[in-house]
Amino acid sequence: MGIQVEFNPDLALRDIASYNSGERKIEECVPENLEEGKVYEFLKSGQRLYYLSDSEFWGNGQIPLMKTKGNEDLSRPLASIKILEATHFLENGGVHTKGKYQVITVFDENDEKIHFEALKRV
């Protein structure tokens, strides 16, 4: 028997339409208007581990924020973010991860530029 844990190199949240339709909580969705410097809360099902660091070598802990449709169907990065905290908790018979992230840079959705190489911000 083992412990099921998922390592996430990015934060993938649902489109805000999932909140507007009542399918998801607001913390499970990408905010409608991302603002650089602002701190937002997130919520994911499962026990997830995120990269936390202040090392300049690895981009000061920055990771991409993406939209997901589920089943690992991800958008291109919407922003560079930094996870500030992540907590695991039990609710309704399941494990969940909640936390806070700060938006460092918002990317233009039509921008084809590469912003990350693995975990390194470029």
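Going by the structure above, here's the rest.
What you see is a predicted model; the values in this text were computed from it and never measured.

## So, the sheet that holds strand E5 (residues 62–67)
Move 1: Spatial strand order, E2-E5-E6-E7-E3: five strands in an open sheet with mixed pairing. With one partner strand each, in any of the chains shown, strand E2 (11–13) and strand E3 (39–45) form the two edges of the open sheet. The average undirected angle you get between the axes of adjacent strands in this sheet is 35 degrees.

## Some points on the packing of aromatic side chains
Move 1: Enumeration according to the criterion identifies three aromatic pairs in this entry.
Move 2: Aromatic pair Phe 42 and Tyr 50: ring centres 5.4 Å apart, planes at 75 degrees, arrangement edge-to-face. Tyr 50 carries the same exposure label as Phe 42, and that label is buried.
Move 3: Taking the centre distance of 6.3 Å and the plane angle of 45 degrees together, the rings of Phe 42 and Tyr 101 count as tilted. Of the two residues, Phe 42 is situated in strand E3 and Tyr 101 in strand E7 (residues 94–106); the sequence distance between them amounts to 59 residues.

## Some remarks on the layout of surface pockets
Move 1: Reported here for the largest pocket is a volume of approximately 510 Å³.
Move 2: In terms of lining residues, the largest pocket is bounded by 25 residues, among which Ala 12, Lys 44, Ser 45, Arg 48 and Thr 68 are the most central.
Move 3: Going through the elements one at a time, strand E1 (6–8), E2, E3, strand E4 (48–50) and strand E6 (79–91) are the ones with two or more residues in the lining of the largest pocket.
Move 4: The class makeup of the residues in the lining of the largest pocket is eight nonpolar, seven polar and 10 charged.

## Focus on the pattern of salt bridges
Any two side chains of opposite charge can pair, given that their charged atoms come close.
Move 1: Tallied over the entire structure, the rule returns four salt bridges.
Move 2: Linking Arg 48 and Glu 6 is a salt bridge whose minimum nitrogen-to-oxygen distance equals 3.3 Å. Linking Arg 48 in strand E4 with Glu 6 in strand E1, this pair joins segments that are 42 residues apart in sequence.
Move 3: Judged by its relative accessible area of 38%, Glu 6 is partly exposed.
Move 4: Between Lys 67 and Asp 15 there is a salt bridge, with the nearest N and O atoms lying 2.8 Å from each other. Of this pair, Lys 67 sits in strand E5 while Asp 15 sits in the loop between E2 and helix H1 (17–20); the two residues are 52 residues apart in sequence, bridging distant segments of the chain.
Move 5: Assessed through its relative accessible area of 30%, Asp 15 is described here as partly exposed.

Parameters and conventions
Just so you know, the residues in each chain are numbered from 1, in the order the chain's sequence is written. Totals for whole chains, interfaces and linings use all residues, but because this is a predicted model, local features are given only for residues with pLDDT of at least 70 and pairs of side-chain atoms are given and counted only at 80 or more. Heavy atoms throughout the structure, all of them, feed into the side-chain values; hydrogens and water do not. We call two strands paired when DSSP finds no fewer than two bridges between them. Numbering of helices and strands starts at the N terminus; helices are DSSP runs of H or I of at least 4 residues and strands are runs of E of at least 2. Orientation is described by axes fitted as lines to C-alpha atoms, over the contacting stretch for helices, and by angles from 0 to 180 degrees between their N-to-C directions. Ring pairs shown here join Phe, Tyr and Trp side chains whose ring centres sit within 6.5 Å, with only the six-membered ring taken for Trp; geometry is labelled stacked below 30 degrees between planes, edge-to-face above 60, and tilted in between. Each residue gets one of three labels from its accessible area relative to the maximum for its type: buried under 20%, exposed over 50%, partly exposed in between, using a 1.4 Å probe on protein chains only. For each structure, a 1 Å grid was placed over the protein atoms alone; sets of points admitting a 1.4 Å probe that cannot get out are labelled cavities, open sets with protein on both sides within 12 Å along at least five of seven lines are labelled pockets, and lining residues have an atom within 4 Å of a point. Grid points are joined across faces, edges and corners, and a volume is the space filled by probe spheres set on the points. Under the grouping applied here, Gly and all other residues not named as nonpolar or charged are polar, the nonpolar ones being Ala, Val, Leu, Ile, Met, Phe, Trp, Tyr, Cys and Pro and the charged ones Asp, Glu, Lys and Arg. Counted as salt bridges are all cases of a side-chain nitrogen of Lys or Arg within 4 Å of a carboxyl oxygen of Asp or Glu.

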